[in-house]
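Given next are the chains, with one letter for each unit.
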Amino acid sequence: AFFWLVSLLLASLIWFVSVHLSDREDSRLQYALLIFGAAVSVLLQEAFRFAYFKLLKKADEGLATISEDGRSPISLRQMAYVSGLSFGIISGVFSVINILADSIGPGVVGIHGDSPYYFITSAFLTMALVLLHTFWGVIFFDACERRRYWCLGLVVASHLLTSGLTFLNPRYEASLVPIFIITLGTGAWAFLTAGGSLHNILKCLSCK
Amino acid sequence: MIMFMNNSDSEEEPCNERTSLMSAESPPVPSYQDGLQASEAGEAQPHRKRRPGSSCSPNNVADGDMSDSGVPVREGALENEEEELTLKYGAKHVIMLFVPVTLCMIVVVATIKSVRFYTEKNGQLIYTPFSEDTPSVGQRLLNSVLNTIIMISVIVVMTVFLVVLYKYRCYKFIHGWLILSSLMLLFLFTYIYLGEVLKTYNVAMDYPTLFLVIWNFGAVGMICIHWKGPLQLQQAYLIMISALMALVFIKYLPEWSAWVILGAISIYDLMAVLCPKGPLRMLVETAQERNEPIFPALIYSSAMMWTVGMAKPDTAARGPSQQMWDAAEDGRENHRSPSRTDSQMSEMRSPLPTHPITSVEELEEEERGVKLGLGDFIFYSVLVGKAAATASGDWNTTLACFVAILIGLCLTLLLLAVFKKALPALPISITFGLVFYFSTDNIVRPFMDTLASHQLYI
């Protein structure tokens, strides 16, 4: 979470500087700068995820050397899951909590002509984003571990794609549906990466 | 640091109890028990279960005896195990401290966001006499710096005074002082707090009921904190009084002064704990020399000490008496609040060193916990509370400060595991907190707001 916050901080700094250096009145320029800021932020998030991976790898080695049986108590997969989850939680919380706080207060959604489904779509988008971050974390760590750099590139690209899809936002069919498809796909990919398979699922269900 | 002065006529005296983080036992000697316990415990449970009769965690008393035989033989293996134990304990302690710090912050933030009283400006404390209502920025800055200087010097004077009293064994005075200040906290501040909360939610309450509730709350609190009580109740009370104190600070400190004071306090903390002549360091060392617990009312401890079997030859378990063994932990300088339980603790502890050092199964088991001074709680909560109060109603800033403080606490605990002596808990966390507050409020907020208005996600 801390790492995500730092990446957000840096990205905001870049955006802030760029906004101040540019023309405030030109709304198209501002919008373009916003897109630029968002893209930079996505790239920085992934960079910090990588940095976090490096840190955890070091910690993992340290734990392994001092533990009794030569293995660290937490596996790298668990760490990947936790890191993805925490990135997701902090990103989701930052996206949604102000909206939640405003939703308690008096008001009418969309009175100025915006969509009246703002709150519910925000909720769904945030949920998708949290899940996506978790899945990306698992896939990312695994890809770094096995040095499959094309997986890494695919993760970054899908993050950029998701973020870009949200730019289509008032047209919810165009953004929500693809994002959910991406979420499901990434989820299945992460599951397979973590060693699951159809066989495992069946075994798990039949044990009940 | 602010010391509690018993001026009944003045306004609320902030009582800052800040102590450094210290690991539960003073110099951990890899002793026989340590090795035994390490092999027994395996990965699963560090000092979690109390195993009467089995190896006890090293404590001051038994160390002296066993270390002689233990250390030469098993030094190499023990060092490794000890390191591993340290890290295991360290991780556990991090979690054990996260919970109370988080709870305190949640209470403060919840109150700030809902009760209007604590964000209204109704005057200032006498410690911050310069007002910040001046028109020019330079004047305001100057006033806040002057306020800070006055506040910090008050704290320094009180700390030195307390250390001097402690050195010359004026225990009764210190106890009286601590008792009076905790009385005020538990009764007066709680009354004000309850009054404001009831006003906010428009709940009718009659005076007899209020009196009964506050009387019970205060009396149980005094007993729990200064004497004996269940560990969790004691922890809960310490969290509550820290939150009350933090709320008082948030209300009565003017804006810029609060931030400058936070910065200055962490610098002072660093110096007072680490410099050889620092007052807090002297306090810790004196307490360790005399083998006494430091005023339990000033420290939050995450573990308990079970002292079973006093100076009796039969080592039958006489039932654990759970007390917060805050001794030697309190390295931080926080206000030595009136050591309520101190007197009790000192009396309990003094027979212990005279125990027959030979009987290892003396059943004095102590869970190695970590102690954090209450002042640290207070200042963390002040930072987060101020962020919640003044950050243009933005929750992101509050959350960012919260994460920053917790990460700072983590790092400090890591350093504690490495250095194994009293460390100041404020500097790292407060630095992170301040950096994140100012940066999130000014830089991240417009970015996130613009993104949210277009419903873009990153």
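In the annotation of an unreviewed UniProt entry, chain B is listed under the name Presenilin and assigned to Pterocles burchelli. In the Subunit (unreviewed entry) part of its UniProt record, chain B is described as follows: "Homodimer."

Per an unreviewed UniProt entry, chain A goes by Gamma-secretase subunit APH-1 and derives from Pterocles burchelli. Reading the Subunit (unreviewed entry) entry of the UniProt record for chain A gives the comment "Component of the gamma-secretase complex." Per its UniProt entry, chain A bears the Sequence similarities (unreviewed entry) comment "Belongs to the APH-1 family."

(A) Quick peek at the overall build of chain B. Across its full length, chain B carries 12 helices and 6 strands. Sequence-distant contacts in chain B: of pairs separated by 6 or more residues, those separated by 24 or more amount to 82%. With the model as given, the accessible surface of chain B reaches about 17,600 Å², and the carbon-plus-sulfur share is 67%.

(B) How the structure looks around the nonpolar core. Formed by 94 residues in total, the largest nonpolar core has its most connected members in V101, F295, Y380, L383 and I430 of chain B. Considering each element in turn, this core owes the most residues, 13 residues, to helix α6 (residues 231-252) of chain B. Look past the residues within four positions of L383 of chain B in its chain and what remains in contact with it is W259, L262, C401, I405, I430, G433 and L434 of chain B. Counting 25 residues, the second-largest nonpolar core is a separate cluster that includes L56, A80, I139 and C144 of chain A.

(C) Structural context of the packing of helix α10 (residues 374-390) of chain B against helix α11 (residues 395-419) of chain B. All names here are of chain B. One can describe the packing of α10 onto α11 by two numbers: an axis separation of 8 Å at closest approach and a directional angle of 165°. In terms of axis orientation, α10 runs roughly antiparallel to α11. Of the two possible hands of crossing, α10 and α11 adopt the one that is right-handed. Seen from α10, the contacting residues are Y380, L383, V384, A387 and A388; seen from α11, they are T398, C401, F402, I405 and L409. Grouping the constituent residues of the contact of α10 with α11 by class yields 9 nonpolar, 1 polar and no charged.

(D) Broad picture of the pairing of strand β6 (residues 370-373) of chain B. Residues and elements named next belong to chain B. Covered by surrounding structure in β6 are V370 and L372 together with K371 and G373, the residues of both alternating faces. Bridging between strand β2 (residues 299-301) and β6 involves 3 bridges; their strand directions are antiparallel. Bridging from a neighbouring strand, I299 pairs with G373 of β6.

(E) Representation of the packing of aromatic side chains. By the definition in use, this model includes 22 aromatic pairs over all chains. With a centroid separation of 6.2 Å and 70° between ring planes, the pair formed by F124 of chain A and F180 of chain A is classed as edge-to-face. Of this pair, F124 of chain A sits in helix α4 (residues 118-146) while F180 of chain A is found in helix α6 (residues 172-193), placing the two residues 56 residues apart along the sequence. Members of the aromatic cluster, each reached through a chain of ring pairs, are F2, F3, F48 and Y52 of chain A together with F432 and F436 of chain B. Across the ring face of F140 of chain A, the terminal group of R49 of chain A is positioned such that the distance to the ring centre comes to 5.9 Å.

(F) Region of interest: the packing of α6 of chain B against α10 of chain B. All names here are of chain B. The N-to-C vectors of α6 and α10 enclose an angle of 50°; their axes lie 8 Å apart at closest approach. The orientation of α6 relative to α10 falls into the category oblique. Judged by the twist between their axes, the crossing of α6 over α10 is right-handed. Side by side, α6 and α10 meet where L238, I241, S242, M245, A246, F249 and I250 of the first sit next to L374, F377, I378, F379, S381, V382, G385 and K386 of the second.

(G) Spotlight on the UniProt feature "transmembrane region" (unreviewed entry) in chain B. Residues and elements named next belong to chain B. Under the UniProt annotation, the feature "transmembrane region" (unreviewed entry) is placed at residues 94-112, 145-166, 173-195, 207-227, 234-250, 256-275, 399-419 and 425-444. The span residues 94-112 carries 100% helix and 0% strand; its end-to-end C-alpha distance comes to 27 Å. Regarding residues 399-419, the helix share stands at 100% and the strand share at 0%, and the terminal C-alpha atoms are separated by 30 Å.

(H) Expanded view of the pattern of salt bridges. All names here are of chain A. Considering all chains together, one arrives at 6 salt bridges over all chains under this definition. The partner of E145 in a salt bridge is K57, and the shortest N-O contact between them spans 3.8 Å. In this pair, E145 sits in helix α4 while K57 sits in helix α2 (residues 27-66), placing the two residues 88 residues apart along the sequence.

(I) How the structure looks around the confidence of the model for chain B. Residues and elements named next belong to chain B. In the predicted model, chain B carries a mean pLDDT of 71, and the fraction of residues at 70 or more is 65%. Element-level mean pLDDT values for chain B span from 30 in strand β4 (residues 321-323) up to 91 in helix α5 (residues 207-226). Throughout residues 23-73 the model reports pLDDT below 50, and contacts reaching past four residues in sequence, or to other chains, amount to 108 contacts. Contacts from residues 306-366, a stretch scored under 50 in pLDDT, to residues over four places away or in other chains number 247 contacts. Prediction confidence for the complex, expressed as pTM and ipTM, is 0.75 and 0.85 respectively.

(J) Just the UniProt feature "signal peptide" (unreviewed entry) in chain A, in detail. The feature "signal peptide" (unreviewed entry), as given by UniProt, occupies residues 1-19 of chain A in the numbering adopted here. The distance from the first to the last C-alpha atom of residues 1-19 of chain A is 26 Å, and the span holds 95% helix and 0% strand.

(K) Structural detail: the interface of chain A and chain B. Between chain A and chain B, the residue contacts involve 42 residues of the former and 34 residues of the latter. Buried surface at the junction of chain A and chain B, summed over both partners, amounts to about 3,300 Å²; 70% is from carbon and sulfur atoms. Where chain A packs against chain B, one counts 1 residue pair in polar contact (both at pLDDT 80 or more). Ranked by residue count, the leading element in the side of chain A that touches chain B is helix α1 (residues 2-21) of chain A, at 9 residues. Its residues assigned to classes, the side of chain A that touches chain B comprises 24 nonpolar, 16 polar and 2 charged.

(L) Geometry of the UniProt feature "transmembrane region" (unreviewed entry) in chain A. Residue and element names in this part refer to chain A. Cross-referencing UniProt, the feature "transmembrane region" (unreviewed entry) maps to residues 31-48, 79-97, 117-141, 148-168 and 174-192 in the present numbering. In the segment residues 117-141, helix accounts for 96% and strand for 0%; the C-alpha atoms at its two ends are 36 Å apart. The span residues 174-192 is 100% helix and 0% strand, and its two end C-alpha atoms sit 28 Å from each other.

(M) Highlighting the state of the cysteines. Applying the stated rule across the entire model yields 0 disulfides over all chains. The cysteine C224 of chain B is free of any disulfide, with C104 of chain B supplying the nearest cysteine sulfur at 17 Å.

(N) Representation of unusual backbone geometry. Residue and element names in this part refer to chain B. Despite not being glycine, R169 has its phi angle at roughly 55°, a positive value. Relative to the helices and strands, R169 resides in the loop between α3 (137-167) and α4 (171-201). Not every positive phi belongs to a glycine, and K420 is a case in point at roughly 55°. For K420, a relative accessible area of 29% corresponds to the partly exposed category.

The rules behind the values
Residues numbered from 1 in each chain as written. Chains lettered and ligands numbered in written order. Predicted model: local features only at pLDDT ≥ 70, side-chain atom pairs only at ≥ 80, totals over all residues. Heavy atoms only, no water. UniProt positions renumbered as here; feature names shortened; annotations may be inferred. Helix = DSSP H or I, 4+ residues; strand = E, 2+ residues; numbered from the N terminus. Contact = heavy atoms within 4.5 Å. Areas by Shrake-Rupley, 256 points an atom, 1.4 Å probe, with all protein chains shown as cover. Core = buried A, V, L, I, M, F, W, Y, C linked by side-chain atoms within 4.5 Å. Buried < 20%, exposed > 50% of the residue type's maximum accessible area, 1.4 Å probe, protein only. Axes fitted to C-alpha atoms, helices over the stretch in contact; angles between N-to-C directions. Parallel < 35°, antiparallel > 145°, perpendicular 65-115°, else oblique. Left-handed = near helix turned anticlockwise from the far one by under 90°. Nonpolar A, V, L, I, M, F, W, Y, C, P; charged D, E, K, R; others polar. Pairing = 2+ DSSP bridges. Phe/Tyr/Trp six-rings, centres within 6.5 Å; stacked < 30°, edge-to-face > 60°. Lys NZ or Arg CZ within 6 Å of the ring centre and 35° of its normal. Salt bridge = Lys/Arg side-chain N within 4 Å of Asp/Glu carboxyl O. pLDDT = per-residue confidence, 0-100. Buried area = accessible area lost by both parts, 1.4 Å probe. Polar contact = N/O pair within 3.5 Å; in protein donor to acceptor, adjacent residues only side chain to side chain. Disulfide = S-S within 2.5 Å.

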